[in-house]
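The primary structure of each chain is shown beneath.
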Amino acid sequence: MDGRTTSAPLVRALRGERGPRLPVWFMRQAGRSLPEYRALRAGGDMLQACLTPELASEITLQPVRRHGVDAGIFFSDIVVPVLLAGLPIRIEPGRGPVLDDPIRSASDLARLRPLDAEALEPIRAAVALTVAELGSTPLIGFGGAPFTIAAYLIEGGPSKDQARARAMMHADPQSWATLLDWCADITGQFMRAQVEAGASAAQLFDSWVGTVSALDYERSVAPHTRRALAHLDGLDVPRIHFGLGTDRILTQIAAFDVDAIGIDWRIPLDEASRVIGDTKPLQGNIDSALLSAPWPVLREHVDDVLRRGQRAPAHVVNLGHGVPPETDPDVLTRLVAYIHEHDAASRE
C-alpha cells in the first residue's frame, strides 16, 4: 500500500509490463533444498513452523538472501487454514497432509466450522515481519485452490488420482458444493490476510486439478475457484493461478479474474500463450527435473523457455513445479544470475 514494490520487476511483469529486468522466483524455493533451512528446522513440526511468525519469516527470507530471486514466497502450507478452522490435519514427513477422519458424507460436513479471523493473526504477524525485511522486494502470498484442499480432506491424504474426490463430485453434488465452498472461503481468507499484512501478489495453487476432466472442471470446480479468488476483491494486487496438468483447461483459467497464469512443464509457453489468445502474462516453466542435469543441458533448456516466453505479454520465470528437495542450491543461484544476465544481454 505504501508503494515500495510498485516498480519491482515481478509486480510490473504480473501487470503485463516488460520492464528492464526479467523477474525470476521458484516455487518451493524456501525449504528442504537449503542447508540453512534444515539446520533451522531440525526435524520440527512443519505446521507449527508455519504458525511461528519469526520462524516462518526467516524461512521465507532465506532463499531471497541466497539466490537473489525477485520475490519471496511466503513459507506456509495450503492446509494451514484447514488446521486453523479446527480440523486436526497434520503433515507426515515424506507423505504430506493427512486427515485421519476424512470428509466423505453429508454428515461429515457438520464438522466444518468457519475460520475465525483472529486465528489468522500468526499469519499476519509473519507477513509483517517479512515485508519489513524485504523492503522493495515483493512477497507473494498464496493459498490452495478449493479442489486441491478438498481432495486432501476427502482422500485423507495424498492420492495419485483423487478417485474418492471425483466420485463424491458426482455421487453427492450437494455435499461436494458445500465442502468446496468451505474450502474456498478459508483459503480466500488465508490469502486476504497475507495481502492485508503486506504481500504484493497472491498465487492460488491447484496441484491436483490435472485429474479432473474439462467438463467436470467447468461445472463442479471453476465456480469454487472463482469464489476463493473473490476474497481478494478490493485489494489492488496481482493474482496468479497455477495448476498442474492444466493444458486442456487454460481457456477456463484465463477467464478467471487473474492477472497471470502459471504454466507447468508439460506445454511450451508459446503454445500456452497462443491457446489463451496472448492475453495474459505467463509464469514458468523450467522443468524441475533438469535442475540435476549438467549445466549445458539446463542452460539450453532455459534458453528455450525464455525464447518461448517472449510471445506472452510478459514473463515471470519460474519452474514448471516446485524445487525438488535434493536440488543443489548453487544451481538455483547460478540460474538466477544467468537469467538476469541473459535478459540484460538481450537488450543490448
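The following paragraphs examine the structure supplied in this document. Only a predicted model underlies this, so the values are computations on that prediction, with no experimental measurement involved.

Secondary structure assignment for the chain yields 14 helices and nine strands. Compactness check: the chain gives a C-alpha radius of gyration of 19 Å against a globular reference of 20 Å for 348 residues, within 12% of the reference. Principal-axis analysis of the C-alpha atoms places the extent of the chain at approximately 65 × 40 × 40 Å. Residues counted as buried form 56% of the 348 residues belonging to the chain.

Bringing the sheet that holds strand 8 (residues 282-286) into the picture now. Strand order across the open sheet formed by seven strands is 1-4-5-6-7-8-9, with parallel pairing between neighbours. Each edge of the open sheet carries a strand with a single partner, namely strand 1 (72-73) and strand 9 (315-319). Across two bridges, the pairing between strand 7 (residues 260-262) and strand 8 is parallel. The partner of glycine 262 across the bridge, within strand 8, is glutamine 283. Sitting on the sheet, helix 9 (residues 173-196) is in contact with strand 4 (139-144) and strand 5 (201-206), with an inclination near 170° to strand 4. The strands touched by helix 13 (residues 295-309) are strand 8 and strand 9; relative to strand 8, the strand with the most contacts, the crossing angle is about 160°.

A few words on the nonpolar core. The tendency in soluble globular proteins is for nonpolar side chains to be buried side by side. Among the nonpolar cores identified, the biggest contains 120 residues, and Leu153, Leu179 and Trp182 are the most heavily contacted of them. For this core, the element with the most residues is helix 9, which contributes ten residues. What leucine 153 contacts, discounting residues up to four positions off in sequence, is Val82, Leu87, Ile89, Leu99, Pro102, Ile103, Leu179, Trp182 and Cys183.

A full pass over the atoms with the stated rule returns 25 salt bridges. For glutamate 92, the salt bridge is made with arginine 90, and the minimal N-O distance between the two is 2.7 Å. Overall, glutamate 92 belongs to the partly exposed group, its relative accessible area being 26%. We note a salt bridge from aspartate 108 to arginine 111, for which the minimum N-O separation is 3.5 Å.

Each aromatic ring pair is summarised here by two numbers: the centre-to-centre distance and the angle between the ring planes. Scanning the entire structure with this criterion turns up eight aromatic pairs. Here tryptophan 295 and tyrosine 338 contribute two aromatic rings whose centre-to-centre distance is 5.6 Å and whose plane-to-plane angle is 90°, an arrangement assigned as edge-to-face. Here the residue tryptophan 295 occupies a position in helix 13, and tyrosine 338 occupies one in helix 14 (residues 329-346), the gap between them amounting to 43 residues. Look at tryptophan 295 and you get buried, because its relative accessible area is 15%. Given the relative accessible area of 18%, tyrosine 338 is considered buried. Aromatic rings pair up to connect Phe142, Phe190, Phe205 and Phe242 into one cluster.

Moving on, we come to the pairing of strand 8. The buried fraction of strand 8 is high, at five of five residues. Between the parallel elements strand 7 and strand 8, the chain passes through helix 12 (residues 269-275) in a crossover that is right-handed. As judged from the five bridges shared by strand 8 and strand 9, these two strands associate in the parallel manner. Directly across from glutamine 283, in strand 9, lies its bridge partner valine 316.

Within the secondary structure layout, glycine 262 lies in strand 7. Once the C-alpha coordinates of glycine 262 and valine 317 are considered, the two residues, 55 residues apart in sequence, prove to be 9.6 Å apart. Those residues in contact with glycine 262 that lie beyond four places of it in its chain are Ile240, His241, Phe242, Gly243 and Gln283.

To continue, consider the layout of surface pockets. Reported here for the largest pocket is a volume of approximately 1,300 Å³. Arg28, Arg32, Met46, Asp77 and Ile91 are, among the 40 residues lining the largest pocket, the residues nearest its centre. Only helix 2 (35-41), strand 2 (90-92) and strand 3 (96-98) provide two or more residues apiece to the lining of the largest pocket. Among the residues making up the lining of the largest pocket, the classes are represented as 21 nonpolar, eleven polar and eight charged. One number sums up the size of the second largest pocket: a volume of about 540 Å³. Along the walls of the second largest pocket sit 24 residues, with Met1, Thr5, Ala199, Ser200 and Val237 positioned nearest its centre. At the level of secondary structure, the elements contributing two or more residues to the lining of the second largest pocket comprise helix 6 (121-134) and helix 9. In the lining of the second largest pocket, the residues fall into twelve nonpolar, seven polar and five charged.

Analysis parameters
Residues numbered from 1 in each chain as written. Predicted model: local features only at pLDDT ≥ 70, side-chain atom pairs only at ≥ 80, totals over all residues. Heavy atoms only, no water. Helix = DSSP H or I, 4+ residues; strand = E, 2+ residues; numbered from the N terminus. Rg over C-alpha atoms; globule rule 2.2 N^0.38 Å. Buried < 20%, exposed > 50% of the residue type's maximum accessible area, 1.4 Å probe, protein only. Pairing = 2+ DSSP bridges. Contact = heavy atoms within 4.5 Å. Axes fitted to C-alpha atoms, helices over the stretch in contact; angles between N-to-C directions. Core = buried A, V, L, I, M, F, W, Y, C linked by side-chain atoms within 4.5 Å. Salt bridge = Lys/Arg side-chain N within 4 Å of Asp/Glu carboxyl O. Phe/Tyr/Trp six-rings, centres within 6.5 Å; stacked < 30°, edge-to-face > 60°. Right-handed = clockwise from strand over helix to strand, strands pointing away. 1 Å grid on protein atoms, 1.4 Å probe; cavity = no way out; pocket = protein on both sides within 12 Å on 5 of 7 lines; lining within 4 Å. Points joined across faces, edges and corners; volume = space filled by probe spheres on them. Nonpolar A, V, L, I, M, F, W, Y, C, P; charged D, E, K, R; others polar.

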